[in-house]
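# Coordinate analysis (summary)
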Amino acid sequence: MSSTTLSGRTVLVTGATAGIGYETARQLTELGATVLLHGRAAEEAQAAADRLIASAGVDSALLRPVAADFTRLEEVENLAHAVVRDHPLLHALVNNAAIAAPERHTLTADGNEISFQVNFLAHYLLTNLLEPALTSDPGGRVVNVSSALHRTGAIQWNDPQRVRRYSRLAAYAQSQLALTVFASDPRVTAVSVNPGVCETGLLPLYGHEGAPAAEGAQYVVRLCDPATEIVNGAYYDRSERVSPAPAATEDRTIKRLNKLADLLVGHTA
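Here's a quick rundown of the structure.

Thresholds applied
Residues numbered from 1 in each chain as written. Predicted model: local features only at pLDDT ≥ 70, side-chain atom pairs only at ≥ 80, totals over all residues. Heavy atoms only, no water. Helix = DSSP H or I, 4+ residues; strand = E, 2+ residues; numbered from the N terminus. Rg over C-alpha atoms; globule rule 2.2 N^0.38 Å. Buried < 20%, exposed > 50% of the residue type's maximum accessible area, 1.4 Å probe, protein only. Contact = heavy atoms within 4.5 Å. Areas by Shrake-Rupley, 256 points an atom, 1.4 Å probe, with all protein chains shown as cover. Lys, Arg positive; Asp, Glu negative; His and termini not counted. Charge placed at Lys NZ, Arg CZ, Asp CG, Glu CD. Salt bridge = Lys/Arg side-chain N within 4 Å of Asp/Glu carboxyl O. Expected span 1.5 Å × (residues − 1). Axes fitted to C-alpha atoms, helices over the stretch in contact; angles between N-to-C directions. Parallel < 35°, antiparallel > 145°, perpendicular 65-115°, else oblique. Nonpolar A, V, L, I, M, F, W, Y, C, P; charged D, E, K, R; others polar.

## A closer look at the overall build of the chain
In terms of helices and strands, the chain carries 9 helices and 8 strands. The globule rule puts the C-alpha radius of gyration for 269 residues at 18 Å, and the 17 Å found for the chain is close to it. For the C-alpha atoms alone, the extent of the chain along its principal axes is close to 50 × 40 × 35 Å. For the chain, buried positions account for 55% of its 269 residues. Across the chain, the fraction of contacts at a sequence separation of at least 24, relative to all contacts at a separation of at least 6, is 75%. For the chain, the exposed area adds up to about 11,600 Å²; of that, 50% sits on carbon and sulfur atoms. One finds the centroid of the 22 positive side-chain charges in the chain at a distance of 7 Å from the centroid of its 28 negative side-chain charges.

## Side note on the pattern of salt bridges
Counted under the stated rule, the structure contains 8 salt bridges. A salt bridge links E75 to R72; its shortest N-O distance comes to 3.9 Å. In this structure E75 comes out as partly exposed when scored by relative accessible area, which is 29%. We classify R72 as partly exposed; its relative accessible area is 43%. Residues joined by salt bridges that share partners form a network here, namely E23, R26 and E30.

## A short note on helix α6 (residues 168-182)
The end-to-end C-alpha distance of α6 is 21 Å, a good match for the 21 Å that 15 residues give at a rise of 1.5 Å each. Burial analysis of α6 places 12 of its 15 residues in the buried class, which makes it a mostly covered element. Within α6 the residues assigned to the buried category are A171, Y172, A173, Q174, S175, Q176, L177, A178, L179, T180, V181 and F182.

## What about unusual backbone geometry?
Even without being glycine, R162 reaches a positive phi, approximately 55°. Its location among the elements puts R162 in the loop between β5 (141-145) and α6. For R238, which is not a glycine, the phi torsion comes out positive at approximately 55°. Summarising the element assignment, R238 is placed in the loop between β7 (235-237) and β8 (240-242).

## A look at the packing of helix α4 (residues 114-129) against helix α9 (residues 251-264)
Across the interface, α4 lies against α9 with an axial gap of 10 Å and an inter-helix angle of 95°. When the axes of α4 and α9 are compared, the pair comes out roughly perpendicular. Side by side, α4 and α9 meet where F116, F120, L121 and Y124 of the first sit next to L257, N258, L260, A261, D262 and L264 of the second. Across the contact of α4 with α9, the residue classes tally to 8 nonpolar, 1 polar and 1 charged.

See the structure below:
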């Protein structure tokens, strides 16, 4: 790829201070894209930007640190409004921020199971609020960083917060399945990608060995490139398009999830 294939394009990457998100931001800027580098706090986002400038020689003009703590939906809303105001034309959104569900059942201040909120609900809210910027030019796209574990997940419709029965793996898998289902929502063209098991903070959920985060990031960056043709709702295992879990393509499930998510983020569609 030539180094300017993405010049003039603006991409927001969530969870970009470490792991696959950080490497995705680095590779996008190498291709000339302007990256809105999201971190939990402004200091974290700025530190990651400084690290990219110092260690990877990234042009500081291509980095815009932005912040929102995804355990607080109000911060997600504020971030979305700021992005729409400052970047009314957004070419791609990479929904990458994720946490492993904790050992003990944990609710956010918004009342949602923490991994369901950080991994899915915050991205649901962010994507919907960014819709005007993502659709102001045809070709805007959303790339949801999912995982193979979405196949083991089930959405507990009558107990999405897993209050009655909690297992961290089941909670995490539910969040990944919801993110994958959400890619089939017709509002904005979106795809999901399983970047493979990589050396990131989530590695303990999967096992002991992983590929370098930079390798996983390549599969994400490829889907941000307008030269890569995508179909709404498609699911990629690294660079190969494969079928996701059956639930991810069921109209009824997609509608039901939107209804549930609208309720939980306090918005009416």
